[in-house]
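Chains, contacts and geometry: an overview
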Amino acid sequence: MSALLNDLTKAVEANNEESILESLTCVIAQGTDIELENNKILKQIITLKNDKITQAFVEVAAEWSKHEHNRMVFTDKDIIEYLLSLLDKSEESLVVGTIRALGNICYENDEARKIINKGGLSKVISLLEEDDKRKNNLLTLKVTGFLVNLLMSNDELQKAALNLNIMDVIEKILNKYIKTFNENQMLFAFLLTVLNHVIDFIEDQNVPFTESLCCTIVDIFKMSSTPEISVLCLEILHGQSDKDDIKTLLAKKGVCELVFELIEKYRNQVNDEESRSVLKMACDMIVIILTGDDCMYLLYNNGNGKVYENMVTWLDSDDPDLLSTGVLAIGNFARKDTHCIQMVQHGISEKLIGKNIKTNHEIFDIIILALISKHNTSDSDIKVQHALLSTLKNLVIPQQNKPIVLEQGLIDAIYPMINLEQYLVIFKLLGTFRMVIDGQEKAALDLISRKDFLEKLMYWCYNSDHLGVRGEVPRLLSWLIKHCHSFKPFKTLIQTKDSVKCLVEMSSSNHGVMQNESFYALNLLIIGCGVSNENDSSNGLNGEHGNDDGVLFEQFISAEIGKNLNFVVNKYGDKMDKHTIENLLTLLEQLVNSPPVVQHLKSNSVGEALEKLSSNPNAQSLNEKLNHLVGQINKS
């Protein structure tokens, strides 16, 4: 035991208040590194009714409890409740010392927080509310620092603070001191940290994140040159940016432009996991804001928006996070067809990409030839690949853009990506293929004629645990059949294991559009495998391949087409539109030409299912055809 602690212990045991005060004064001056063995003398001191000793005690408690071991000694119900009682005193110096002591005691100390609990929290927030009554903000500064420690990692206290109107109190104090921001940066850091602690629970507690508070934080974000405060503002705004009204407000207040400037300023200092995490968050917020329709229109500004121009510059970035953000941002701007067409047909100004533009379609030269070709292998960043494909999928939706993109070499650029193993990327890849071949005969014929591509599609369909991939494969296959305008590739297709099964199983989808696509594709497949055209024998599969229709019917049976049709008609028949019913009946008209298939349909009760279909109003004009098919199936 140190001499100072020994002297204090003797004074307490002798109940000599003069000696106790003298010893405490010495400890304040010299003994901050003392390690306590127990709290015996502490509990004796707090029973004394001496104001000077009380003042000295809270100062000693504040110093001693800076050390982890001593914090545990102070974590005692009697001691903490005694300290809380002092918060009712009128002497500001005593309250400041007490707040310091409590703040240090509860630092990373769940047990102390439990003792302080909601009653103590209420007292502390009341002190904060009285800021207007004080001549200076010293106590306010100490209280906010205490709240940082008290609320950290304590969900219950964070929720309780919200119910005690902590949000309103913080907003009021932020606005009071914002004109003297530079002189009060520590206070702002504490207030924003407290706000950041509680904000995750505002929806649970029905506490609004008001536009006025949002504007105040944006104003602080703009004026701050302190990284800690800027990051706090970013974290708070990022957490609320998924709300449509907040997105629009952030877009109007220039937050995307500000974030871009900060990233450009500090990007070369991103050299560890923490700084990289902040960069990712900043990038993510830009993308989130752009998901709002109003924000997208505002920031695109007919291709002249500063944010749009900034995002284009990141298309040349070597940083994967900046590159993926730039690509995703372009993809969000491309949600509007007129924007897509403008991007592709009119290019962008020379200053944006730092190179001479020689064609009206240079934006696609950059994205497809430079970026996709650079990021189409397993060595590439997954986030960048996902972003590129998401953007390309949006950009190729307008019909005007498809031939331009294909001419620029899109298929060859993205085709190597079929060898990737990340199904999140594969899902986007399949969607991009499907969008770009819509109405593009040459591209569709090229893809459906590639045996390795068809085999890859079947592998994904039956080996992926990604539901989106498994749903996208048959859709792409059906679109290829529809848009290739040729029967030549059908032989290769039906020889590809599970391809027919894939299309048949799509017919029982719970999505009407997929049911219809399946019926239509299967119709074309049957026609292509059984047609005889004397004027163009190369189009069909009869003659040299005359038995392929029989092989196809065998595959229908193997794929349990009867079971699938029974299911889809029984479950969704009353919801089918007329077009889907027509395609279904046309398919059945072709299937009943095969006796084995008819027997298969009958054994799966397809006839009985069709009888129920007649109750669908959309089938009324087709009743004659429907009844004929029911008779053909049931009589076999």
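To keep things clear, this report deals only with the structure shown in the data block. (Residues numbered from 1 in each chain as written. Predicted model: local features only at pLDDT ≥ 70, side-chain atom pairs only at ≥ 80, totals over all residues. Heavy atoms only, no water.)

1. Comments concerning the nonpolar core
Counted only if it meets this: Only buried Ala, Val, Leu, Ile, Met, Phe, Trp, Tyr and Cys residues count toward a nonpolar core, and they belong to the same one when joined by side-chain atoms within 4.5 Å. Whether a residue is buried, partly exposed or exposed follows from its accessible area with a 1.4 Å probe, protein chains only, as a fraction of its type maximum: under 20%, in between, or over 50%, in that order. Contacts between residues were defined by any pair of non-hydrogen atoms, one from each residue, lying within 4.5 Å.
One finds Ile166 and Leu591 to be the most contacted residues of the largest nonpolar core, which totals 220 residues. Discounting residues that sit within four places of it in the chain, Ile166 has contacts with Ile125, Leu128, Leu147, Ala161, Val194 and Val198.

2. So, the packing of helix H1 (residues 3-13) against helix H2 (residues 17-30)
What counts here: The axes are straight lines fitted to the C-alpha atoms, using for helices just the contacting stretch, and the angles between their N-to-C directions are given from 0 to 180°. Runs of E in the DSSP output that reach at least two residues are strands. Runs of H or I that reach at least four are helices, and both are numbered from the N terminus. Here roughly perpendicular refers to angles of 65 to 115 degrees, roughly parallel to angles under 35, roughly antiparallel to angles over 145, and oblique to all remaining angles. Less than a right angle of anticlockwise turn of the near helix away from the far helix marks a crossing as left-handed, whereas a clockwise turn marks it as right-handed. Gly is put with the polar residues, along with every residue not named as nonpolar or charged; the nonpolar set is Ala, Val, Leu, Ile, Met, Phe, Trp, Tyr, Cys and Pro, and the charged set is Asp, Glu, Lys and Arg.
Where H1 meets H2, the axes come as close as 8 Å, and the angle between the chain directions of the two elements is 160°. With respect to each other, H1 and H2 are oriented roughly antiparallel. Helix-helix and strand crossings are classified by hand; for H1 and H2 the assignment is left-handed. Residues Leu4, Asp7, Leu8, Ala11 and Val12 of H1 pack against Ser19, Ile20, Ser23, Leu24, Cys26, Val27 and Gln30 of H2. Looking at the contact of H1 with H2, its residues break down into eight nonpolar, three polar and one charged.

3. Some details on the packing of aromatic side chains
Basically, it comes down to this: Planes of paired rings set the category: under 30 degrees apart is stacked, over 60 is edge-to-face and the rest tilted, where pairs are Phe, Tyr or Trp rings (Trp by its six-membered ring) whose centres lie within 6.5 Å. For a ring to carry a charge above it, either NZ of a lysine or CZ of an arginine must fall within 6 Å of the ring centroid while also lying within 35 degrees of the normal to the ring plane.
In total, this model carries eleven aromatic pairs according to the counting rule given. Ring centres 5.4 Å apart and planes at 90° place the aromatic pair Tyr308 and Phe333 in the edge-to-face group. Of this pair, Tyr308 sits in helix H19 (residues 306-313) while Phe333 is found in helix H20 (residues 320-333), placing the two residues 25 residues apart along the sequence. Neither residue differs from the other here; Tyr308 and Phe333 are each classed as buried. For the ring pair Phe553 and Phe556, a centre distance of 6.2 Å and an interplane angle of 45° mean the geometry is tilted. Here Phe556 and Phe553 lie together in helix H34 (residues 548-558), a separation of three residues that amounts to about one turn. Looking at Phe553, the relative accessible area reads 13%, which means it is buried. An aromatic cluster of three or more residues is present, and its members are Tyr300, Tyr308 and Phe333. Seen from the ring of Trp479, Arg434 lies directly overhead, with NZ or CZ sitting 4.7 Å from the centre. Over the aromatic face of Tyr520 sits the side chain of Lys482, whose NZ or CZ is 5.7 Å from the ring centroid.

4. Some thoughts on H1
Definition in use: As used here, the arc belongs to the directions running from the helix axis to the C-beta atoms.
Of the positions making up H1, those classed as buried are Leu5, Leu8, Thr9, Ala11 and Val12. In an axial view of H1, the angular spread of the buried residues amounts to 165°, which keeps them on one side of the axis. Along H1, the residues that are exposed and aim more than 90 degrees away from the buried face are Ala3, Lys10 and Glu13. Where H1 ends, the next residue or the one after it, Asn15, has phi of about 55°, a positive value.

5. Focus: unusual backbone geometry
The residue Glu108 is not glycine, and still its phi comes out positive at about 50°. In this model, Ser153 sits at a positive phi of 60°, which is unusual for a non-glycine residue. The topology assignment puts Ser153 in the loop between helix H9 (138-151) and helix H10 (155-163). Looking at Ser153, the relative accessible area reads 62%, which means it is exposed.

6. Describing the pattern of salt bridges
Applicable threshold: Salt bridges are defined by distance alone: a side-chain nitrogen of Lys or Arg within 4 Å of a carboxyl oxygen of Asp or Glu.
Using the criterion set out here, one finds 27 salt bridges in the structure. Across the salt bridge formed by Glu63 and Lys66, the nearest N and O atoms sit 3.1 Å from each other. Judged by its relative accessible area of 19%, Glu63 is buried. A relative accessible area of 46% places Lys66 in the partly exposed class. Through salt bridges with shared partners, a single ionic network connects Arg276, Lys280, Asp319, Asp321 and Lys383.

Read these as layout, nothing more, since geometry by itself doesn't imply function.
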